[in-house]
Amino acid sequence: MLFQRLGVPYGEGQIPLMVPVVLLLLAAGLRSGEFRIAPARLPALALIWGTAGVCTLVQLALGGAPSIFSLGLVVALYAMVAVTANLGPEAVDRVHRVYLRLMTVFAGVSVAQMVIQYLGVAYRDYLSLIVPDILLLDFYNTGDPIAYGDSLYRSNGVLFLEPSFLSMFLGLAVALALYRGSGWLQVSVLLVGMVPPLAGSGFVVLLPAVVALALTGYRRNLLTALPAGILAVLVATLTPLGERYLERSTEATNPETSSSFRLVQPYTALLPPSFDDEIPAAIGHGAGTADNYLISEGLGAITQPLMPKVLYEYGILGVLGILVVLLFLLLVGVRARPWTAGLLLLYVYVNASFLQHTQVFLTLFWILMLPPLRNRGPAEVSRGEPPAGQAAGASTAESLQRVKEPLPAVPPVPR
């Protein structure tokens, strides 16, 4: 989270600092025993890496010019697929609480960024005052006005790549808070913090979680969101943000808007040329070529979501060996954590996410890597009690010995 805006110069481009940092943390965790390899997922990772590698090698043999750097990112970003956190219920519970505390702070920062602008203080990118420009990632709308020519800027929490990323992290936090039965005050702060970024990402994560929780025994937890919802509506109504949210809800039909660039045009631009010829249809045009194609067509503003990017760059083979494998793993992980359903939707359809490091790491960590909180029923979550069988201060080993009846209908994550 703290490094997502930072990058290291590499040739004419940049390497996101989060990538080597996360890989080092994975290595350190494996060495210390906090992480472990999940043997059941190794064939899936081998298939993902192997498919990307074979398609790239064949393209090279045929005289193509795939990006080896792009292939390297596939290897680096998806290494997390084969790793799981070796944590008991108490430690997982602690991770949840730390994340919620952090995002509560950033929700306050989000609101503060908008409030000080209303008080007459012009928007500034405070991180750029400390970090040299050469170390800040390019090609992201880190701060942009709520409307063209407007003096008010959308909140980005200072450390987040874009307002949409702040919204995404906050949406996940609200969903997690509702699942855990957090108090109305924390839920209110988190939800109101989602308003100033003026982005739909957080709501894409949150709304499926609300539906999933409403259909289970956790539905009573949703009552804590009522004060937050009323407060968020007031904030949106009393500021220009409400009007802008209404405008953005229909802007996907306008080809000149960011919603169209993200939700509509990637499919109309990349799917037809994916089937221009038999060979590209089978193995794709090569790693990293979707970006080059869009730029050559004057469509550089269009993003590259998971499905059209994989199909264009790795063909039908990539759809089977990469996309289907990822979806299977993630769907199983979501079943064990219903509050992550929206995160999967964001990864698959809404955000340009196949090689976007922040999105990939967030998705893989919360859906695959972090174990679910087993043995904890809705009533216990709502009352804020420790996991079933665990008295306050009891060790994880003692807690597990006391567990009599694990929750049914929550399948284990593949390991």
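Cut-offs and rules
- Residues numbered from 1 in each chain as written.
- Predicted model: local features only at pLDDT ≥ 70, side-chain atom pairs only at ≥ 80, totals over all residues.
- Heavy atoms only, no water.
- Helix = DSSP H or I, 4+ residues; strand = E, 2+ residues; numbered from the N terminus.
- Buried < 20%, exposed > 50% of the residue type's maximum accessible area, 1.4 Å probe, protein only.
- Areas by Shrake-Rupley, 256 points an atom, 1.4 Å probe, with all protein chains shown as cover.
- pLDDT = per-residue confidence, 0-100.
- Pairing = 2+ DSSP bridges.
- Expected span 1.5 Å × (residues − 1).
- Core = buried A, V, L, I, M, F, W, Y, C linked by side-chain atoms within 4.5 Å.
- Contact = heavy atoms within 4.5 Å.
- 1 Å grid on protein atoms, 1.4 Å probe; cavity = no way out; pocket = protein on both sides within 12 Å on 5 of 7 lines; lining within 4 Å.
- Points joined across faces, edges and corners; volume = space filled by probe spheres on them.
- Axes fitted to C-alpha atoms, helices over the stretch in contact; angles between N-to-C directions.
- Parallel < 35°, antiparallel > 145°, perpendicular 65-115°, else oblique.
- Left-handed = near helix turned anticlockwise from the far one by under 90°.
- Nonpolar A, V, L, I, M, F, W, Y, C, P; charged D, E, K, R; others polar.
- Phe/Tyr/Trp six-rings, centres within 6.5 Å; stacked < 30°, edge-to-face > 60°.
- Polar contact = N/O pair within 3.5 Å; in protein donor to acceptor, adjacent residues only side chain to side chain.
- Salt bridge = Lys/Arg side-chain N within 4 Å of Asp/Glu carboxyl O.

With that settled, consider the overall build of the chain. From N to C terminus, the chain includes 18 helices and four strands. Within the chain, the fraction of its 415 residues that count as buried is 50%. In the form shown here, the chain has an accessible surface area of approximately 18,500 Å², with 68% of it arising from carbon and sulfur atoms.

Positive phi, close to 65°, is recorded for Phe-139, a residue that is not glycine. Position of Phe-139 relative to the elements: it lies in the loop between helix H4 (89-118) and helix H5 (163-180). The residue Leu-198 is not glycine, and still its phi comes out positive at about 50°. You can see Leu-198 is positioned in the loop between helix H6 (184-193) and helix H7 (201-214). Classification of Leu-198 by relative accessible area gives buried; the value is 1%.

The next subject is the confidence of the model for the chain. Per-residue confidence for the chain gives a mean pLDDT of 84; residues scoring 70 or more make up 83%. No element of the chain has a lower mean pLDDT than helix H18 (residues 396-402), at 37, and none a higher one than helix H2 (residues 42-61), at 96.

Time to look at the pairing of strand E1 (residues 7-10). The pairing of E1 with strand E2 (residues 13-16) spans four bridges and is classified as antiparallel. If you follow Tyr-10 over to E2, its bridge partner there is Gly-13.

Let us look at H5. Taking 1.5 Å of rise per residue, the 18 residues of H5 would be expected to cover 26 Å, and the 26 Å separating its terminal C-alpha atoms lies within 8% of that figure. With 18 of 18 residues buried, H5 is to be regarded as a mostly interior element.

Formed by 85 residues in total, the largest nonpolar core has its most connected members in Tyr-78, Met-103, Leu-190, Tyr-347, Phe-354 and Trp-366. Top contributing element to this core by residue count: H5, with 13 residues. With residues up to four places along the chain from it excluded, the contact list for Phe-354 reads Val-74, Leu-77, Tyr-78, Leu-306, Lys-309, Val-310, Tyr-314, Ile-322, Leu-326, Tyr-347 and Val-360. If you look at the next biggest cluster of nonpolar residues, it comprises seven residues, including Ala-269, Ala-290, Leu-294 and Ile-302.

The subject of this paragraph is empty space enclosed by the protein. Applying the stated criterion to the full structure yields one cavity of 30 Å³ or more. Size it by volume and the largest cavity reaches roughly 40 Å³. Together, Gln-113, Ile-116, Gln-117, Val-121, Ala-122, Tyr-123, Arg-124 and Tyr-126 line the largest cavity.

Bringing the environment of Val-131 into the picture now. As for its position among the elements, Val-131 is in the loop between H4 and H5. The exposure class of Val-131 is buried, given its relative accessible area of 14%. Between the C-alpha atom of Val-131 and that of Leu-6, which follows or precedes it by 125 residues, the distance is 8.6 Å. Leave out the neighbours within four places in its chain, and Val-131 touches Leu-6 and Leu-136.

So, about the packing of helix H1 (residues 18-32) against helix H16 (residues 357-369). In contact at an axis separation of 10 Å, H1 and H16 are set at 25° when each is read in the N-to-C sense. Classed by the angle they form, the pair H1 and H16 counts as roughly parallel. Between H1 and H16 the crossing geometry is left-handed. For the pair H1 and H16, contact is made by Met-18, Val-19, Val-22 and Leu-26 and by His-357, Thr-358, Phe-361 and Met-369, respectively. Class assignment of the residues belonging to the contact of H1 with H16 gives a composition of six nonpolar, two polar and no charged.

This part is about the packing of H2 against helix H14 (residues 306-336). Where H2 contacts H14, the axes come no closer than 9 Å and their chain directions differ by 160°. Considering the angle they form, H2 stands roughly antiparallel to H14. The way H2 lies across H14 gives a crossing that is left-handed. Every residue of H14 that contacts H2 at Ala-44, Leu-47, Ile-48, Thr-51, Ala-52, Cys-55 and Thr-56 is listed here: Tyr-314, Leu-317, Gly-318, Gly-321, Ile-322, Val-325, Leu-326 and Leu-329. Residues belonging to the contact of H2 with H14 are distributed by class as follows: eleven nonpolar, four polar and no charged.

What follows covers the packing of aromatic side chains. Evaluation of the coordinates by the stated rule reveals 13 aromatic pairs. Ring centres of Tyr-140 and Phe-165 lie 6.4 Å apart, and the angle between their planes is 75°; on these two criteria the pair is classed as edge-to-face. Here Tyr-140, found in the loop between H4 and H5, pairs with Phe-165, found in helix H5; they are 25 residues apart in sequence, far enough to count as distant. Judged by relative accessible area, which is 25%, Tyr-140 ranks as partly exposed. By the ring-pair criterion, three or more aromatic residues cluster together here, those being Tyr-99, Tyr-179, Tyr-218, Trp-339, Phe-365 and Trp-366.

In this structure, Thr-51 sits in helix H2. At 2.7 Å, the side chain of Thr-51 and the backbone oxygen of Leu-47 are in polar contact.

Next up on the list: the pattern of salt bridges. Applying the stated criterion to the full structure yields six salt bridges. Between Arg-94 and Glu-90 there is a salt bridge, with the nearest N and O atoms lying 3.8 Å from each other. Of this pair, Arg-94 and Glu-90 both sit in helix H4, four residues apart, roughly one helical turn. Judged by relative accessible area, Arg-94 falls into the partly exposed class, the value being 41%. With a relative accessible area of 23%, Glu-90 lands in the partly exposed category.

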